[in-house]
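What follows is each chain in one-letter form.
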Amino acid sequence: MKKLASNTVLCVQPLPQTIVSCRDKDGKNNALVVGFVANVSLDPVMVMVGITPTRYSHHIVKESGCFVINFPKKSYKKEYGYLGSASGRDEDKFAKADIKWEDATYVDAPILTDCPVSIECSVVDSTMPGTHELFIGKVEAIHVDEEYLDANGNILWDKMDLM
Ligand SMILES: Cc1cc2nc3c(=O)[nH]c(=O)nc-3n(C[C@H](O)[C@H](O)[C@H](O)COP(=O)(O)O)c2cc1C
């Protein structure tokens, strides 16, 4: 027999988990855990991330107009937990957690080196139907650790031990 769940529950739980990284106008890197992630369009390829205005990262993405979606492995649990609870408003999260990063190729944001997949996005639109601002990003590039690509450039998602 089924029962009704509370209407406050997060009713869709997409996996794998993601970490969104960004950079402010002074060059400071930041990142947060984001569960509100979805595909939006196949042509052009677009995705969306939902970030509430209370997050320090919100104004960064709004101002810079770009972000990177990173997919962490299970072994990144400690960093993931930290990035999803501490705020860049209070501390330099990259320095504190010794986050390894490199510059993205097309957007002004960091890529998390230890994550096997990172997707560079340029914000093309945003909307705020409720608590989260949904930033729609055009996918500019997808970086994948070589060992997780087949000969045709397809991503071998099943080989990664993603969170
Ligand atoms: C599993 C999980 C999922 C989360 N999903 C989101 C999300 O989709 N949107 C959001 O704004 N915050 C989300 N958060 C919260 C932020 O990651 C968290 O508040 C973070 O500390 C904000 O960092 P910042 O202030 O440096 O931007 C999530 C946290 C966790 C642990």
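These numbers were taken from a predicted model, which means no experiment stands behind them.

Asks: Mind showing me how you'd approach the site of the ligand here?
Replies: Not every one of the 21 residues close to the ligand is listed here, only the nearest: Val33, Ser57, Ala86, Ser87 and Gly88. Within the backbone of Gly35, one N or O atom sits 2.9 Å away from a nitrogen atom of the ligand. Contact with the protein chains removes 80% of the 650 Å² of surface that the ligand exposes when unbound. If one sorts the elements of the shell around the ligand by residue count, strand E2 (residues 29-34) sits on top with four residues.

Asks: Mind showing me how you'd approach the side chain of Ser118 here?
Replies: In this structure, Ser118 sits in strand E8 (residues 117-127). A distance of 2.7 Å separates the side chain of Ser118 from the side chain of Asn70, its partner in a polar contact. Each residue touching Ser118, except ones within four places of it in the same chain, is listed here: Val68, Ile69, Asn70, Ile111, Leu112, Ala141, Ile142 and His143.

Asks: Help me out: how do you make sense of the pairing of E2 in this one?
Replies: Within a regular beta strand, the side chains point alternately toward one face of the sheet and then the other, so they alternate between its two faces. For E2, the buried fraction is high: five of the six residues fall into the buried class. Bridging between strand E1 (residues 18-23) and E2 involves six bridges; their strand directions are antiparallel. The residue bridging Ser21 from the neighbouring strand is Ala31, located in E2.

Asks: I keep staring at the pattern of salt bridges and nothing clicks. Help me out?
Replies: Close approach of charged atoms allows side chains with opposite charge to pair. Taken as a whole and judged by the stated rule, the model has seven salt bridges. When the shortest N-O distance is used, the salt bridge between Arg23 and Asp108 registers 2.7 Å. Pair noted here: Arg23 is in strand E1 and Asp108 is in the loop between strand E6 (101-103) and strand E7 (110-112), with a separation of 85 residues, a long-range link. Here Arg23 falls in the buried class, since its relative accessible area comes to 10%. A network of salt bridges, in which partner residues are shared, links Arg23, Asp103 and Asp108.

Reading the values: rules and limits
- Residues numbered from 1 in each chain as written.
- Predicted model: local features only at pLDDT ≥ 70, side-chain atom pairs only at ≥ 80, totals over all residues.
- Heavy atoms only, no water.
- Near = heavy atom within 4 Å.
- Polar contact = N/O pair within 3.5 Å; in protein donor to acceptor, adjacent residues only side chain to side chain.
- Areas by Shrake-Rupley, 256 points an atom, 1.4 Å probe, with all protein chains shown as cover.
- Helix = DSSP H or I, 4+ residues; strand = E, 2+ residues; numbered from the N terminus.
- Contact = heavy atoms within 4.5 Å.
- Buried < 20%, exposed > 50% of the residue type's maximum accessible area, 1.4 Å probe, protein only.
- Pairing = 2+ DSSP bridges.
- Salt bridge = Lys/Arg side-chain N within 4 Å of Asp/Glu carboxyl O.

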